[in-house]
Each structure stands twice: as C-alpha cells, then as structure tokens.
Amino acid sequence: MYTNKTDIQNYPGIKWPYPVDYEKINRISCDVLILGGGLAGCAAAIAAARRGAKVAVVDKGPLVRSGSGGTGIDHWHDACLNPKSKISPEQLMEFYFQNPYWGGKYTMGHMRYIQAMESYKALLELEKIGLPIRDFDDEFEGSAFRDDTTGLMYAYDYENCTVIRLKGGALLKPTLSAEVERLGVQAYEYIMASHLLTEDGKTGPGSRVIGAIAFSGRTGECYVFNAKSTIICSGMPQGEWIFSTEFNGASSKFWDPNNTGEGQAMMAEAGAELTLMESNYTICANGGMRWPMYGTGDSNNTWYGCPIVDANGKRIPYTQNGKVMDWSEIYKNTWPGTGDGGSVTSGSLGELPGDLPEKIMSGEYKLPFYADLPSMPPDERRVLWGLMIGNEGKTNYPVYKLYGKYGFDPDKDMLQVPVMAPKSNFNKRAKPYWNGEVYEPWRECQKCSNCAVYDWTMKTTLDGLYVAGLTAGNNFASGAITTGAYAARNAWKAAKQTELIPVNEDQVQKYREQIYAPTKRDYGIGWKEFKAGCARVMQGNCGEYKSDEVLQNGLDWFKSIREGEMQQLYARNPHELMRTNECYTQIMVSEMTLTASMARKCSSPTMNFKRLDYPGTDEGENEKYITITVKDGKYTTGEIPVKYYLQAPYAQSFKENYDKYCALED
Amino acid sequence: MAEKEYTLYPNPITPNSAILFDEELCNGCNRCIDFCRTDVLMPNPERGKPPIVAYPDECWFGGCCAGACPHHAILMVHPMNQRAVWRRKETGNLYRVCVENELEENKRPPIVE
C-alpha cells in the first residue's frame, strides 16, 4: 500500500543525512567549465570533451534529469535543413523578426541562425547516441504527419515540416547524461555555482573570467573551479514575481524552479553585459492558479488540433482569419502563405474564434469546455495523447501514466479545460496554454530575454566567458543543444590558446564569506519568506505598467531589504544554504530588472513593456537593446543597436558570419 | 481513564505529500534520491526503509523519482488543487486524477517507455 509514512512530519528533528563541512575547499582545474548541466550544458560538455577538452559540469540537480528540458521534449524546432523542410534558415530569420511572441526585432538573430543551421544535424547526432527520433516500429505508417521514407514525424504544419515530433523525447536527458559520463566529463551534481572568479580578482567590464566558486547543497563543501573557458548554461531567472509553494509545491511557475538567475547575477557581478532584462510577461496561469503542465484540456501547442467542445458537447471551431478551418486545413497552417506562421514554431497555431470571449458571455458556448479526444482520428489522437503527452515537459509520469492509472482513456474520455473568466483568459493573452487564470502582476521573464550580450562565437563581453541555451535567450530544446555545442566549440578553441590563470585567493575568501554568511545564524528570516517578500516588491513595482517613480520605489524597497531582512537570512543545513544563496541572486536580478526598465524610456509592444510616463514606443532611435552590468559596484546601463550581430565588425549576412565562426573544423 | 498525551507540531506542510512509498515494494536502494531535481528526498536513517520526503513543498511534480524506481514503489500524487477533472463521453460521469474510482486502469503505454 502506498502511504506517506516517511514524510518529514513523521521524522521530526532527524539528523542531516550527509557529512557537512563548510570549511573544506575542493579545487578543480579544467579546460572548459560548464555551469548548468541541462540540455545546453550537456551538449556543451559533449562537444568539448569529444574534441579533447578536460571538462567539468556543475548542476544544482542530477544531470540525468536536470534542466528546463530534463523531464522530456515532444518536438524539435527549426529543423530547417531536414529533407522535407520548405523553410530555409534565412526565411526563418524573417519569421522571427516578424513575430513579437518569439522576440520580434529583439531576436538574438545569431543564436536563431545557429539553431536553424544545426538543428537537424544535432538531432541526427542524438540518434547516433541512442535517442529514438523516428517512428521505428511503423506505428504511424501512412499518417499525414509521417514521412514514410524516413519515418520522421512532423508536428503542427505538415506542409512546411520544420518541427519534428520525437518518438522518445522523454529519454533525451538520460541519453545525453549517459554520453557525458561515457566521455569522462567530471560532473558536480547538487552543487550551486554562485560567483565567477576573475583574473587578479578584478571585476567589471574588461575583466577576464578564470573560473567559478560553488558549494554543495548536500555537504556544504566549497568548490573552486579554475578554467580556461567558462560557459554559463544555467537558464534564466524565473521567480522574481512569483513564489508560492503552498498550493502546488515548486510547480507555481511555468519554468524549472532551479531557474533562479544565478547565471545572470554572477555574469553581471563579474562585469559582463546583460540585455533584455526588462522583458517580461504573463505567459499563462502562475502562482497557485496553475494546473499540471499540459495536463488539462487545451487547444494550443502540444494540444494543437484537439477538438474543443462546450458543456453541451457543441464543437467550437478552429478559425483562421475569421474563416472556419476544416480538419485537413488545421495542419496546413503554412507560412509564408495563407497561415499566420504560428505553426512554424508551435506557439499559437490557428485560432478558436477570436470572439470566443463574447460568445461565452452571450451564452452561445457554455462553460466548462472539454478536450474531445474521442472524436479525433485514431492516429492524431494517439500522437497527441501518447507521443506529445508522454514526452513533453512533465507529461510522461505526472500526466500520461498517472491519469491512466486512474482510468483516463483518450478513446473514451474528455479532459476538462480549466474554467476561467471569458474575457481575460479565452483570448490570446492566456495562450499558448489554457492553464488557469492569468494575473498580470504574476509575471515571468519572456522566453527570449534576460540573456548575456554575446558575439558570433557566443562569447560574452568578457574574455573567457561564454553562454548557451536560455542564458543566450534560446528557449527551445533544439536551440539549447545547438547553441551549447556551438559555444563549446568556440570556448575550447579559445582555451587551446590560453594558459590557466590561477585564481585570486582574496576573491575566493570574499565570496566564501558571502556564501556562508547564513550558516552563522539559525533564526531570523527563512528563505521562503524572503523569496515571497522580494516577489511582492516586483509584483507591485514592476508589474504590467511601469513608471520611473514606481521603479525607483522598487529599488529603494530592495535597498531596505538588503540592509534589513537580507542580513537576517539563516541556513540550518546545506539545503537551506543553497536556497538562501538563491535569495541573493533573486534580489540582484530583480534590481537589474528594475534598473533596465528605468533605462527604457518608452513602451515596447514587442516586449509587452508598458510605460505610463513616456508616450513613445520603441521605433526609430528608441529601437535598441538596453544593456546592464555592474561597474565600480553600481548597476550601469548602456545601449547597443538591434541586429548588432550583423554590423561591423561582423559581416552583413547571417551565412557569412556563421561560416566564419561556427568552429566546426576545430 | 488514562490521559492521552498530545504533542505540539508545526502545522502540516502543504502540499501534504508529494509522493507515497509502498514499504513492501521499496527496498531502500535510494536510487530515487539522485533523480530528484530539487533534492526533495533524503536517505532514511533506518537502512532498507523508503527515503524521507523532506521537502514536499519543493516538489516540482515531475515524477522523475517515480519513473526511476525499479520496483514501482513510488506513487506521485498531485495535490488536491491539481487533480484535473475529466468526463466519460458516453456517461457524462466526472472523474478526478489521483482519486480512486470504478474505472479500469488504462495500461496502454506511452509511445516509448
């Protein structure tokens, strides 16, 4: 019988199970140091190790499942160079620039181009190390989404064929981590890196990164890494606005809860420039309003194409440009051409009627709605509930297997859509996920934001420091893996021409004092209260509408928290030590978000950024990236042009730059 | 009448439980501990017993532990507020995830296990 007998409530005050030593320092030297071992970090480790580098990878979790894509991936984006694709990498760039949802004019174009050029090739590489990508047992032979010659299965747009459904995407992370292990990469798991180390201990623009300092969430031991090149693949900050474990544990955000922004904080602290820090939005329900990811009835993204019916079984049609689409049209939402382009990258694909909120209000459709899986053709139903649900995100065990255990049968059952307010939540704002009520002050960083400024080698503005994956503004699995490998090739190329520069012991000591300060206290402010308190500052002072006075109010508030509650944070064991160090990074990232928001003196429809006090939008001279870093102990903002990656010293075309910097020959 | 002794506890943590263990099936191998992304599980001081669920409030409900258990000794449970609802099309009856009902378990595996 399954019980909760071994829950912590029944073991009050038990001894910490791991040996703790806050004084011990482990010293590691390597060629390439990778901070964050998710999809990007593992891909980077593999690329560097295969070329002969001595590699160390550090992660707060276990490599076998860590990272935003660690639990599974159902589809593989931007495989422009697969045999059936009708979209070239150059065309895809146009798509990104046209679509605000994916970054629009603020797209980090070099990163997207790298992804488009290498996505399909990377997928074939994954297949070589054992990932099932094709319909190898012919389960879907003859289906419209399957190419019977190759066994590849496409998603969303069966004409353009740039998105590939992965037959075994839930196995992606275990496959990668096994290869990392096979190559002899040193993995440091359940360890949080929190500060970069720099030459002579000097930080600020122009400094050189020579490693990082980290500590274990189990033993509390310190790790000092000394490296020739360092790659940050630690995701992006998520949780500046939201902290609520009460209702759904660490599931209150769309993203992996380990995304707490230490990468961004340590990069800025060292002197690297970050950008798009002011870009945030409400992607779908958050806080306590969320439902299990992809685990309620939906019409979008992973659920695309599933017929939606109202409480009385009345079908709500998909439409495009006001015209009702029949079944065969839903999967031919082609772009460029008749379609809106949503299918090129998933996201918002076709539409239920644009006036659905009004039709709910008038009584034409009755809540609640249902995902009518039984009415789908068997192959489309099986590929939705079986492949998409089963491989994507947290759907393998928590949705597919668990729902099945309690008898859910897609052949017979209709999964309910969360009941939500018509006007706010059945329109575009809640898309691409019908995941519960949307509340504007509960914000998250945009998919492609909060990243470093980096060049065509994916080097940041500091020597020795590279980025990949979400830290480079790439939100896709294919993007994480391609940019991880690309950054690693360049990081290793640079490392080969570099001597190891020893760490500065004064800097190590300074950071150790900061890291371990909460261990000196066993009462005061706990990490959970602190994170929730900081989130409240952001909800109020960096919500949907911004103004200088309110943003400054937020900064003053954080100053007070730094002098007050932050000095009272306590950590009674290494686990709490890790969480309290996340508090430090959270406050720093939040301050940078407020400061970058102040520097953008206009609204930006592209990034859903609304100023009350500046009437203009980001056209003409306002069209620029705002940058931020720490210089002389202060946040310092600057600006660089959009498409800086196509201006001098770079060539004007994506292809020329890619060919020059892809480092494939090294 | 013997007086019952009462103990002072902190309030129950929420979510109350993230995962349940079957003590008969679990042999205390602790494999699941090293699959948890947020380090929710700790080894039991008593060897051979299921791990301690130390931080159910930090569970991401990713099911990595349950999926990794070679003995099927772990059942992940969504908290009450996360138990999605469905209706059987033919009967209109309402069912909820993680709540026992009269339906037969649907054992059809996902595309790749």
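Asks: Can you help me understand the overall build of chain B in this one?
Replies: For chain B, the count of helices and strands is one helix and six strands. If you list the helices and strands of chain B from N to C, you get β-β-β-α-β-β-β. For 113 residues, the compact-globule formula gives about 13 Å, and the C-alpha radius of gyration of chain B, at 18 Å, lies well above that figure. Considered along the principal axes of its C-alpha atoms, chain B spans approximately 55 × 45 × 25 Å. A burial count over chain B gives 53% of its 113 residues as buried. Residue pairs in contact within chain B that sit at least 24 positions apart in sequence constitute 38% of those at least 6 positions apart. Surface accessibility of chain B: about 6300 Å² in total, with carbon and sulfur atoms responsible for 50%.

Asks: How should the packing of helix H15 (residues 527-541) of chain A against helix H17 (residues 574-599) of chain A be read in this particular structure?
Replies: Relative orientation and spacing of two packed helices are given, respectively, by the angle between their axes and the distance between those axes. Residue and element names in this part refer to chain A. Viewed as axis vectors pointing N to C, H15 and H17 meet at an angle of 10 degrees, and their least axial separation amounts to 9 Å. Here H15 is positioned roughly parallel relative to H17, judged by the angle of their axes. Classified by chirality, the crossing of H17 by H15 is left-handed. Contact residues: H15 offers Trp527, Phe530, Lys531, Cys534, Ala535, Met538 and Asn541, while H17 offers Glu576, Arg579, Thr580, Glu582, Cys583, Gln586, Ile587, Ser590, Thr593 and Leu594.

Asks: Looking at this model, I keep getting lost on the packing of helix H3 (residues 109-128) of chain A against helix H18 (residues 654-661) of chain A. Mind explaining?
Replies: Residue and element names in this part refer to chain A. Contact geometry of H3 with H18 gives a least axis separation of 10 Å together with a crossing angle of 70 degrees. The angle between H3 and H18 places the two elements in the roughly perpendicular class. When the axes of H3 and H18 are compared, the crossing they make is right-handed. Between H3 and H18, the residues in contact are Gly109, His110, Tyr113, Ile114, Met117, Glu118 and Lys121 and Phe654, Lys655 and Tyr658, respectively. Residues of the contact of H3 with H18, tallied by class, amount to five nonpolar, two polar and three charged.

Asks: Hey, could you run me through the layout of surface pockets in this one?
Replies: One number sums up the size of the largest pocket: a volume of about 1100 Å³. If you trace the largest pocket, you find 33 residues lining it, with Ile8(A), Arg572(A), Ile13(B), Ala54(B) and Tyr55(B) closest to the centre. Elements that contribute at least two residues to the lining of the largest pocket include exactly H15 and H17 of chain A. Ranked by residue count, the leading element in the lining of the largest pocket is H15(A), at three residues. For the lining of the largest pocket, the residue count by class is 17 nonpolar, eight polar and eight charged.

Asks: Would you mind going over the nonpolar core with me for this structure?
Replies: Across soluble globular proteins, nonpolar side chains show a tendency to be buried alongside one another. Within the largest apolar cluster, 122 residues are counted, with the highest numbers of intra-cluster contacts made by Trp76(A), Leu196(A), Ile231(A) and Trp456(A). In terms of nonpolar packing, the next biggest core, distinct from the first, is built from 110 residues, Tyr281(A), Tyr294(A), Val383(A) and Val399(A) among them.

Asks: What should I look at first to understand empty space enclosed by the protein in this one?
Replies: Rolling a probe over the atoms, with the probe sized like a water molecule, indicates the empty space that remains. Residues and elements named next belong to chain A. Counted under the stated rule, the structure contains nine cavities of 30 Å³ or more. Forming the boundary of the second largest cavity are 25 residues, of which Phe243, Lys253, Pro257, Thr260 and Lys531 lie nearest the centre. It is H17 that provides the largest number of residues to the lining of the second largest cavity, a total of four residues. Broken down by class, the residue content of the lining of the second largest cavity amounts to seven nonpolar, 11 polar and seven charged.

Asks: In this structure, what is going on with the domain arrangement of chain A? I would like to understand it.
Replies: When the domains of chain A are assigned, the result is domain 1 (291-328 + 347-430) and domain 2 (517-631). Taking only C-alpha atoms, the centre of domain 1 of chain A and the centre of domain 2 of chain A are 36 Å apart.

Asks: Honestly, the sheet that holds strand E5 (residues 85-88) of chain B in this entry has me stumped. Any pointers?
Replies: Remark on secondary structure: sheet strands pair via backbone hydrogen bonds, oriented parallel or antiparallel. In space, the six strands of this open sheet follow the order E14(A)-E13(A)-E17(A)-E18(A)-E5(B)-E6(B), with antiparallel pairing throughout. Each of the sheet's edge strands pairs with one partner strand only, and the pair in question is strand E14 (315-316) of chain A together with strand E6 (94-96) of chain B.

Asks: Is there a simple way to explain the environment of Ile87(A) in this structure?
Replies: All names here are of chain A. With respect to the helices and strands, the residue Ile87 is situated in the loop between strand E4 (75-76) and helix H2 (89-98). Residue Ile87 is classed as buried on the basis of its relative accessible area of 2%. As for Ile87 and Leu33, which are separated by 54 residues in sequence, their C-alpha atoms are 36 Å apart. Those residues in contact with Ile87 that lie beyond four places of it in its chain are Cys80, Leu92, Asn160, Thr162, Trp335 and Val344.

Asks: Sorry if this is basic, but what is going on with the pattern of salt bridges here?
Replies: Oppositely charged side chains are able to pair whenever their charged atoms sit close together. Evaluated as defined, the whole model comprises 53 salt bridges over all chains. The salt bridge involving Glu118(A) is made with Arg489(A); its shortest N-O contact spans 2.7 Å. With Glu118(A) in helix H3 and Arg489(A) in helix H13 (residues 477-495), this residue pair connects regions lying 371 residues apart in the sequence. Of the two residues examined, Glu118(A) and Arg489(A), each falls in the buried class. Between Arg134(A) and Glu127(A) there is a salt bridge, with its nearest N and O atoms 2.7 Å apart. Ionic contacts of the salt-bridge type, sharing partners, join the residues Lys60(A), Glu262(A), Lys531(A), Arg579(A), Glu582(A) and Glu58(B) into one network.

The rules behind these values
Residues numbered from 1 in each chain as written. Chains lettered and ligands numbered in written order. Predicted model: local features only at pLDDT ≥ 70, side-chain atom pairs only at ≥ 80, totals over all residues. Heavy atoms only, no water. Helix = DSSP H or I, 4+ residues; strand = E, 2+ residues; numbered from the N terminus. Rg over C-alpha atoms; globule rule 2.2 N^0.38 Å. Buried < 20%, exposed > 50% of the residue type's maximum accessible area, 1.4 Å probe, protein only. Contact = heavy atoms within 4.5 Å. Areas by Shrake-Rupley, 256 points an atom, 1.4 Å probe, with all protein chains shown as cover. Axes fitted to C-alpha atoms, helices over the stretch in contact; angles between N-to-C directions. Parallel < 35°, antiparallel > 145°, perpendicular 65-115°, else oblique. Left-handed = near helix turned anticlockwise from the far one by under 90°. Nonpolar A, V, L, I, M, F, W, Y, C, P; charged D, E, K, R; others polar. 1 Å grid on protein atoms, 1.4 Å probe; cavity = no way out; pocket = protein on both sides within 12 Å on 5 of 7 lines; lining within 4 Å. Points joined across faces, edges and corners; volume = space filled by probe spheres on them. Core = buried A, V, L, I, M, F, W, Y, C linked by side-chain atoms within 4.5 Å. Domains from an automatic or database assignment. Pairing = 2+ DSSP bridges. Salt bridge = Lys/Arg side-chain N within 4 Å of Asp/Glu carboxyl O.

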